[in-house]
Amino acid sequence: LAHPCGVALSPDEKNLYVAETAMNRILRFTQHPPQVFHCSVFFQLSGRFGPTALAVSSSGDIYVGHFDFAQNAAEGRIVVLNQDGEVTNQISCPGAEITGLSLTPDEQWLIVAERSSASLYRYPLTPQN
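Residues numbered from 1 in each chain as written. Predicted model: local features only at pLDDT ≥ 70, side-chain atom pairs only at ≥ 80, totals over all residues. Heavy atoms only, no water.

Chemist: Mind showing me how you'd approach the pairing of strand S4 (residues 37-44) here?
Modeler: A regular strand places its side chains so that they alternate between the two faces of the sheet. Pairing geometry for strand S3 (residues 25-31) and S4, over seven bridges, is antiparallel. In the sheet register, Leu-27 faces S4, and the bridge partner there is Val-41. (Pairing = 2+ DSSP bridges. Helix = DSSP H or I, 4+ residues; strand = E, 2+ residues; numbered from the N terminus.)

Chemist: Would you mind going over the side chain of Glu-114 with me for this structure?
Modeler: As for its position among the elements, Glu-114 is in strand S10 (residues 109-114). Arg-115 is the oppositely charged side chain nearest to the buried, salt-bridge-free Glu-114, at an N-O distance of 6.6 Å. Looking at Glu-114, its side chain comes within polar contact range of the main-chain nitrogen of Glu-97, at 2.8 Å. Once you skip the residues sitting within four places of it in the chain, Glu-114 turns out to touch Gly-95, Ala-96, Glu-97, Ile-98, Thr-99, Ser-119 and Tyr-121. (Buried < 20%, exposed > 50% of the residue type's maximum accessible area, 1.4 Å probe, protein only. Lys, Arg positive; Asp, Glu negative; His and termini not counted. Salt bridge = Lys/Arg side-chain N within 4 Å of Asp/Glu carboxyl O. Polar contact = N/O pair within 3.5 Å; in protein donor to acceptor, adjacent residues only side chain to side chain. Contact = heavy atoms within 4.5 Å.)

Chemist: Mind showing me how you'd approach the side chain of Ser-10 here?
Modeler: Relative to the elements of secondary structure, Ser-10 occurs in the loop between strand S1 (4-9) and strand S2 (15-20). According to the relative accessible area criterion, Ser-10 is buried, its value standing at 7%. Apart from the residues within four sequence positions on either side, Ser-10 is in contact with Asn-15, Tyr-17 and Val-56.

Chemist: What is the right way to look at the sheet that holds S10 in this model?
Modeler: What the three strands build is an open sheet, ordered S9-S10-S11; its pairing is antiparallel. Either end of the sheet is taken by a strand with one partner, and the two such strands are strand S9 (98-103) and strand S11 (119-124). Each strand axis lies, on average, 20° off the axis of its neighbour in the sheet, ignoring direction. Taken together, the five bridges between S9 and S10 define a ladder with antiparallel strand orientation. (Axes fitted to C-alpha atoms, helices over the stretch in contact; angles between N-to-C directions.)

Chemist: I tried to follow the pairing of S1 on my own but got confused; where do I start?
Modeler: Judged from the four bridges that link them, S1 and S2 form a sheet pairing that is antiparallel. The residue of S2 that forms the bridge with Val-7 is Val-18. Following S1, the chain reverses through five residues before pairing antiparallel with S2; Glu-13 in that reversal takes a positive phi of roughly 60°.

If you want it as structure tokens, here you go:
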């Protein structure tokens, strides 16, 4: 793996997602049969340095912190993917160096850790119907 950073499990715990920062992509590891894991490129990002943080909602939406260095980008980007690997939303935050993501237990908020500003940000989430 080329600089793996973030990891997250799917809600059914059948898939493990890994942010492979240096390759600018999200990998998916699936276990089938037991003790045998298969790896595939789930989503290939472009631009920026690479993904560094992941969070998965109970509905299976995957939040990806797409890191870049502060001198290269003015804002941070969080890409939201559905279970099929399609982009459903993008969230901007004040700093480009996203280092952590977490959903609150009620999944009403996304918490973002950002290095260049040494800040935590909280974003409201709209429930998916």
